[in-house]
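# Chains, contacts and geometry: an overview
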Amino acid sequence: MRPRSEYAEPYRIKVVEPIQLTTREEREQIIAKAGYNVFNIPSDKVYIDFLTDSGTSAMSDYQWAGLMVGDEAYAGSKNFHHLKETVEEISGFEYVLPTHQGRAAENILTTILVKPGERVLGNMHFDTTEGHIRLKGGEPVNLVIKEGLETATRHPFKGNIDIGRLIDEIKTYGPERISYIDITVTCNSNGGQPVSMGNIREASRIAREHSIPVFLDAARFAENAYFIREREEGYENKSIAEIAREMFSYADGFTMSAKKDGLVNIGGIFATRDGELYKKAGEWGIIYEGFLTYGGLAGRDLEAMARGLKEVLDEDYLENRIGQVAYLGDCLLDGDIPIIEPTGGHGVYLDARRFLPLIPQSAFPAQALVVELYVEAGIRAVELGTAAFGHKDKKTGEMVYPALELVRLAIPRRVYTDRHMDMVVRALRNIAGRKDRIRGLKLVYEAPVLRHFTAVFEQL
Ligand SMILES: *Cc1c(COP(=O)(O)O)cnc(C)c1O
């Protein structure tokens, strides 16, 4: 990777959205009122919003211009045809169904492929995918390589599927009990870690031997292609578009949240090379999403998506994007802030257990760090630790704690400058300087499922 200092952002800024830094006193009041849960903070009280990279991208002037040529016909909109041509050019898949989000495409795919009692194999299924598989009576199975679950191990492709375990699964359960294989690129659930081309090719070869369909969860396909070019032998001189096309060539289709590498604020895609599958998908799509050529979106949204899908393949864009994430990670490491290494495609993950060793897991160290980041500098991150994944054992009633206490700093695309990154580094260094005085939290309200979204805490 070229050193960060050699280049600047490959765009200039034409429209600005003011953001305002509140005072520390204001933030202390706001976070207390929010029950120490940043999901309850109004976004205009946030200075740097790292809650998610989903739907938060800045669109280009060309995408905004596309909104003006939205063709809002119920059927056969010209924007749909533009989207279809673009998807076909990028992926080689002829049949394209727009959906309102990624999870809607997953709903359609799992509805047609998953029968009760079947298994869906993958590197690591994203939580919405897992939910849809379970709703159809299926069992999501995660087969990521063991390095993918170790925070301090460096491996170029920590999103890879463990091929040995894949073969074992097929042997143990038989191909007829496996609905399909779903490869998530990049692997969101372990930090946006990439999957190598060799791994996709091998998984696909094995699947084809047993007539098991292969799909990509392609939310961050371009970021994955960029990592392949940087890290995999034989791809140094290929274009991102060529690499992406090869990735898709090993699959029968894909689902995608366009809110990531589609560079749009809303949208999703289901695509396949299989005409029969498309026909079935369309039947469900019409009920769940809308007619085949709009899928729950306005014509203008389809146009922005078609344009975004082309822009995301731009090499300078990707270098800047992945470079910015790496820059933040490197600056934090320089300041002895513990993070997951290497950084992945869309964010930096802080290891709150190493950062706040005095706070036990029962007092939510990762959530405490999220609270401190907000109080320190108005930065909104997200907890991926005990608040999100801790739960009571159904039989014993004992608390089961997750292996990792992480805080995710998800970086929106084309939104913040490196100066914002510098400010995040300063804030975390200040927090590190007073970490012995940081208080843990106590949970005072929790919902029965997905509790972290609405949980209320008190400071200990
Ligand atoms: C975001 C995401 C989804 C779900 O997409 P939505 O657009 O949020 O519905 C599915 N898979 C992965 C890998 C994602 O990152």
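Structure: see above.
Notes on the structure follow. (Residues numbered from 1 in each chain as written. Predicted model: local features only at pLDDT ≥ 70, side-chain atom pairs only at ≥ 80, totals over all residues. Heavy atoms only, no water.)

## Brief notes about helix 1 (residues 24-33)
- Within the span of helix 1, buried status applies to R27, I30 and I31. The buried side chains of helix 1 occupy one side of the element, clustering within an arc of 95° when seen end-on. Across from the buried face of helix 1, at angles greater than 90 degrees, the exposed residues are E25, Q29 and K33.
- A positive backbone phi angle near 65° is found at G35, which sits one or two residues after helix 1. (Buried < 20%, exposed > 50% of the residue type's maximum accessible area, 1.4 Å probe, protein only. Helix = DSSP H or I, 4+ residues; strand = E, 2+ residues; numbered from the N terminus. Arc of directions from axis to C-beta.)

## Quick look at the pairing of strand 3 (residues 119-122)
- Across the two faces of strand 3 the burial is the same, with R119 and L121 and V120 and G122 all buried.
- Looking at chain direction, strand 3 and strand 4 (residues 139-142) are connected through four bridges and run parallel. Bridged to G122 within strand 4 is N142.
- Where strand 3 meets strand 5 (residues 178-184), four bridges bridge the pair, whose relative direction is parallel. The residue of strand 5 that forms the bridge with L121 is I181. (Pairing = 2+ DSSP bridges.)

## Quick look at a nonpolar patch on the surface
- A contiguous nonpolar patch, built from W284, I287 and Y288 and spanning about 320 Å² of accessible area, is present on the exposed surface.
- Residue placement: W284 occurs in helix 10 (residues 275-288). (Patch = residues over 30% accessible without salt bridge, like charges linked within 9 Å, V, L, I, M, F, W, Y side chains within 5 Å. Areas by Shrake-Rupley, 256 points an atom, 1.4 Å probe, with all protein chains shown as cover. Salt bridge = Lys/Arg side-chain N within 4 Å of Asp/Glu carboxyl O.)

## Looking at the packing of aromatic side chains
- Going through the model one piece at a time under the given rule, you end up with 13 aromatic pairs.
- On the basis of an interplanar angle of 25° and a centroid distance of 5.2 Å, the ring pair of Y95 and Y278 is categorised as stacked. With a gap of 183 residues between them, Y95 in strand 2 (residues 95-99) and Y278 in helix 10 connect regions that are remote in the sequence.
- Exposure remark for Y278: the relative accessible area of 17% places this residue in the buried category.
- On the numbers, 5.2 Å between centres and 75° between planes, the contact of F364 with F457 is edge-to-face. Of this pair, F364 sits in the loop between helix 13 (352-355) and helix 14 (365-377) while F457 is found in strand 16 (residues 456-459), placing the two residues 93 residues apart along the sequence.
- Members of the aromatic cluster, each reached through a chain of ring pairs, are F93, F221, F248 and F254.
- It is R119 that lies over the ring of Y173; its NZ or CZ is 3.7 Å from the centre.
- Stacked on the ring of Y62, the Lys or Arg R307 has its end atom at 4.0 Å from the ring centre. (Phe/Tyr/Trp six-rings, centres within 6.5 Å; stacked < 30°, edge-to-face > 60°. Lys NZ or Arg CZ within 6 Å of the ring centre and 35° of its normal.)

## Side note on the layout of surface pockets
- Estimated volume of the second largest pocket: approximately 1400 Å³.
- Lining the second largest pocket are 34 residues, with V15, A58, M59, R414 and V415 sitting closest to its centre.
- Across the lining of the second largest pocket, the residue classes tally to 17 nonpolar, eight polar and nine charged.
- The residues that make up the lining of the second largest pocket include at least three from each of domain 1 (4-53 + 315-459) and domain 2 (61-311). (1 Å grid on protein atoms, 1.4 Å probe; cavity = no way out; pocket = protein on both sides within 12 Å on 5 of 7 lines; lining within 4 Å. Points joined across faces, edges and corners; volume = space filled by probe spheres on them. Nonpolar A, V, L, I, M, F, W, Y, C, P; charged D, E, K, R; others polar. Domains from an automatic or database assignment.)

## A closer look at the site of the ligand
- Surrounding the ligand, one finds 14 residues, the nearest of these being R103, D217, R220, S257 and K260.
- At 2.7 Å, a side-chain N or O of R103 approaches an oxygen atom of the ligand.
- In the complex, the protein chains occlude 98% of the 380 Å² of accessible area that the ligand would expose alone.
- In terms of residues, the shell around the ligand owes the most to one element, helix 4 (residues 102-113), which gives three residues.
- Taken together, the residues of the shell around the ligand sort by class into two nonpolar, six polar and six charged. (Near = heavy atom within 4 Å. Polar contact = N/O pair within 3.5 Å; in protein donor to acceptor, adjacent residues only side chain to side chain.)

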